[in-house]
Amino acid sequence: MMCPYCSVAGTRMETHAHLGLEHADQVRMYRDEGRDQLRFALDCPFCDEGMERVANPRGREPGFLEEFRREITLVAFDLLLYHLHASHAERVGLPPIPSEAEITAESGGPR
């Protein structure tokens with residue numbers, strides 16, 4: 001698998017660790033004042049699809065984002081890796097996920 005931001009190649013686990021160490025600046029963390037939530041967001045480097053999630057639904061712990069920055073960053077990159085495999089496998093050196101029809105055909109039909 002290749003890093004979607006640079007030319008570093010490795011296993012999925014190695015790429016995940018690399019993303020967290022070398023590209024953590026791609027993950028945005030912020031307080032959504034209107035909803036009183038702490039959130040994180042990450043854009044796909046290949047398409048317009050972005051991932052945005054609640055990091056702390058109640059937003060009551062002011063130091064939460066700083067305290068758990070590394071963990072939140074790794075969760076964001078985990079979501080990105082799933083998206084890359086599903087939507088951009090060939091661009092990051094992964095085999096495409098087989099469709100239901102391909103799986104059924106390979107197994108000899110429905111059981």
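We now turn to the structure provided with this report.

The rules we used
Residues numbered from 1 in each chain as written. Predicted model: local features only at pLDDT ≥ 70, side-chain atom pairs only at ≥ 80, totals over all residues. Heavy atoms only, no water. Axes fitted to C-alpha atoms, helices over the stretch in contact; angles between N-to-C directions. Helix = DSSP H or I, 4+ residues; strand = E, 2+ residues; numbered from the N terminus. Parallel < 35°, antiparallel > 145°, perpendicular 65-115°, else oblique. Left-handed = near helix turned anticlockwise from the far one by under 90°. Contact = heavy atoms within 4.5 Å. Nonpolar A, V, L, I, M, F, W, Y, C, P; charged D, E, K, R; others polar. Core = buried A, V, L, I, M, F, W, Y, C linked by side-chain atoms within 4.5 Å. Buried < 20%, exposed > 50% of the residue type's maximum accessible area, 1.4 Å probe, protein only. Pairing = 2+ DSSP bridges.

1. Regarding the packing of helix α1 (residues 12-22) against helix α3 (residues 69-87)
Right, so step 1: The contact between α1 and α3 brings their axes to 9 Å, and the two run at 130°. As judged from the angle between their axes, α1 and α3 are oblique. Remark: the crossing between α1 and α3 carries right-handed chirality. Of α3, the residues touching α1 (which contributes R12, T15, H16, L19, G20 and L21) are R70, T73, L74, F77, D78, L81 and Y82.
Right, so step 2: Partitioning the contact of α1 with α3 into residue classes produces 6 nonpolar, 4 polar and 3 charged.

2. Re the nonpolar core
Right, so step 1: V27, F40, L65, I72 and L80 are the most contacted members of the largest nonpolar core, which has 20 residues in total.
Right, so step 2: Of all the secondary-structure elements, those providing two or more residues to this core are β2 (37-43), β3 (50-56), α2 (64-67) and α3.
Right, so step 3: It is α3 that contributes the most residues to this core, 6 residues altogether.

3. Some remarks on the pairing of β3
Right, so step 1: Here 6 bridges tie β2 to β3, and the two strands are oriented antiparallel to one another. By the bridge assignment for β3, L42 is matched with M51.
Right, so step 2: Where β2 folds back on β3, the antiparallel hairpin that results is connected by 6 residues.

By themselves, these are just geometric observations and shouldn't be taken as functional.
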